[in-house]
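A look at the structure
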Amino acid sequence: MSSESSVEGVPVTALKRHAEVSELVEDARWRYYVLDQPTVSDAQFDEWFKELLALEEAHPSLQTPDSPTQKVGAPVSGDFAKVQHLARMESLDNAFDGEDMAGWATRAERLAEGDPGPYLCELKIDGLAIALVYRDGKLERGATRGDGRTGDDVTANVRTIKGVPHRLKGDDVPSLVEVRGEVYIPVEDFKKLNEQLVEQGKAPFANPRNSAAGTLRQKDPRITAQRPLRMLVHGIGVWEGATEPRRQSEVYDRLREFGLPVSDLYKVVPGLDDVNAYIEHYREHRHDPAYEIDGVVVKIDDFRTQRELGSTSRAPRWAIAYKYPPEEVNTKLLDIQVGVGRTGRVTPYAVMEPVVVSGSTVERATLHNAAIVVKKGVLVGDTVVLRKAGDVIPEIVGPVAALRDGSEREFVMPTHCPECGTQLAYEKEGDADLRCPNARSCPAQIRERIYFAAGRYALDIDGLGYVAATALTQPLPPQEPVVRTEADLFDLKIEQLIPIKSVVRDQDTGLPKIDPKTGEQKIVSFFSNINGEPSQNARLILAELEEAKQVPLWRVLVALSIRHVGPPTARKLADAMRSIDAIMNASEEELAAVEDVGPRMAATIKEWFGVDWHREIIERWRAAGVRMEDEPAPEKGPQTLEGLTFVVTGTLEGYTRDSASEALAGQGGKVASSVSKKTSFLVAGENAGSKYDKAVTLGVPILDGAGFEVLLKNGPEAAAQVAIKPEEA
């Protein structure tokens, strides 16, 4: 039969693909809902499900009662007694963008013959659906959703969940009520649980949802009781024998009065614009709740309107789940290698099959230290769950143990530095991190320190990025590095740069990059063009190095990579002592007396300056013209901002972020990096981002550029009068 043939008007190619994808979806549901051992990511499942919907939309005869698109959940397992739900537990249709949401709202408005609002917005917990039956106020039964009509009786395990009352309290308790909710394990507790399982030689769970499902389905309730299950209620199926609520939000008030756990993060809003604002807020703050969420559920609040709209064969028309782009995907862990940082810390990194997660392709992820590898229970060769939350560094959540075939192997931490061969060691007993003690000549540490010294909060040399730092410190043999330690940095000459060729290294891991076409390491000539003349990069670096000789003392201190001395501490040291010689010659007691330093950091600083090759760096930089002292401290002006804490974000006209911070500090203000309840004002320029949203949430007054000028000229009381109030933001 040709591909153009058809059966009942459906092309054979469509029939075949529908059957293939249906089988994939059914198998994924069985593993997810019944076995609690998913082998595909949520992203892959959603992709298959959307493909089925598209096929059925194009060919309606494919949409039969047996189609996965018409089913709820999955068949019940064979390990528990089966119970019939008092009312069918439906699933939810999904929206993935604003167009989907607008389409749902338009259909609801048409069916309701008018505006169906207000809407109730709540977080979609990535947990296990559960139904609890209370008869005469007493917990009678707890059951999983199963296929929506029949579920597993897990009453004994439900009774062990902290926060779930065995008897409802209050005067107007229904004689019969079935409440629906989600069982979950908090994210931090999930990590601890997996660590315990690995210590016991058991396979860890792939994610918090499956840890909750697996825990609730334990045959021995004593095991369930030992694990940190929690529950939040999000609806009712049956309500008899008490004053019946008229709205979803009223149900939540009543259930909370009965002693049931109800989220306090839901919100009732009048229209779709407000719904979208709620969705966008939690897209930005997705990881604020203690539990995993994968979207937002939007419900029409009024029960009468809900009844008018009714349901399809699987989902209510009065509710929809807006799903965020998945942050978790599955990929293959090909290897675990180690990189060496600027302080000598040796960090294991996962090398994976490249995969797209949160909009970017990822093939490396840090594993922090050998103990973390063990705690996560990952083996080389595992299929792993990979997460990248927003701009956060990619993280391996854990292995998909159900896919192991016996070929996987344990990672063994190296005993010697992979770049200089020095034996690795712990600095002191009880440390988590192995380090390479060869700080002076380990190529990896020198490379990382040079890159750090050129950074924004140190010498601020834009041209000296990671590729340039690698080229300067690790050119190809037989060439010798032109920068052997930081001491060489300000003595560079153009003729030294031209012949350099270098291996390209990954900025996150320090490991060599491999050319996918040749399978060999990538090599660049960074400082010369094809004619053998100095490149623009070479000229730029030398020009910027010349400018960097005049940076303030605090930036020089940061560039020296003194352990624990970051920009805030460096500023305090420079302000207090004014010169590198004063700091170098100060006693531990004098250093400890500087604000934010203290005895332990003072000892570290004193130890650093006691190393001969460290002092050589300072003298070579001094000889090259680097300024090693600041002007005498100016007399302090009025300290009108003393005792107040500020956060600066966005782009302010006439100020850099640093100069705005210095202006605040000059009047006694303290500048912090993140917004909290202790923040006095947020100073917000253009493109303020998430800090602005957090200030609104916490009720922190916000100053724009004009308000900032009022603050500096007239003080905090005047600024408070012109600040943007959270309710106005």
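Residues numbered from 1 in each chain as written. Predicted model: local features only at pLDDT ≥ 70, side-chain atom pairs only at ≥ 80, totals over all residues. Heavy atoms only, no water.

As recorded in an unreviewed UniProt entry, the protein chain goes by DNA ligase and comes from Nonomuraea turkmeniaca. Under the UniProt heading Sequence similarities (unreviewed entry), the entry covering the protein chain gives this text: "Belongs to the NAD-dependent DNA ligase family. LigA subfamily." UniProt lists a comment for the protein chain under the heading Catalytic activity (unreviewed entry), and it reads "NAD(+) + (deoxyribonucleotide)n-3'-hydroxyl + 5'-phospho-(deoxyribonucleotide)m = (deoxyribonucleotide)n+m + AMP + beta-nicotinamide D-nucleotide." (UniProt positions renumbered as here; feature names shortened; annotations may be inferred.)

It is worth spelling out the pairing of strand β21 (residues 645-649) at this point. Every other side chain in a regular strand lies on the same face of the sheet, so the side chains alternate between the two faces. Of all five residues that make up β21, five are buried, and the element is covered over most of its length. Of the two faces of β21, both are covered, the one formed by Thr645, Val647 and Thr649 as well as the one formed by Phe646 and Val648. Relative to strand β22 (residues 670-672), β21 runs parallel, the two being bridged by three bridges. The residue bridging Phe646 from the neighbouring strand is Val671, located in β22. In this view, the connection linking β21 to its parallel neighbour β22 by way of helix α22 (residues 657-666) has right-handed handedness. Looking at chain direction, β21 and strand β23 (residues 681-684) are connected through four bridges and run parallel. In the strand pairing of β23, Thr649 is matched with Ala684. (Buried < 20%, exposed > 50% of the residue type's maximum accessible area, 1.4 Å probe, protein only. Helix = DSSP H or I, 4+ residues; strand = E, 2+ residues; numbered from the N terminus. Pairing = 2+ DSSP bridges. Right-handed = clockwise from strand over helix to strand, strands pointing away.)

Right, let's talk about unusual backbone geometry for a bit. Cis geometry is found at the peptide bond from Gly117 to Pro118, where omega equals 5°. Within the secondary structure layout, Pro118 lies in the loop between α3 (98-112) and β5 (119-125). The peptide bond linking Pro477 to Pro478 adopts the cis configuration, its omega dihedral lying at 10°. The phi dihedral of Ser561 is positive, around 55°, even though this residue is not glycine. Topologically, Ser561 is positioned in the loop between α16 (553-559) and α17 (567-577). Of note, the phi angle at Asp596 is positive, near 70°, even though the residue is not glycine. Following the sequence through the fold, Asp596 ends up in the loop between α19 (588-592) and α20 (598-609). Note on Asp596: relative accessible area 51%, which makes it exposed.

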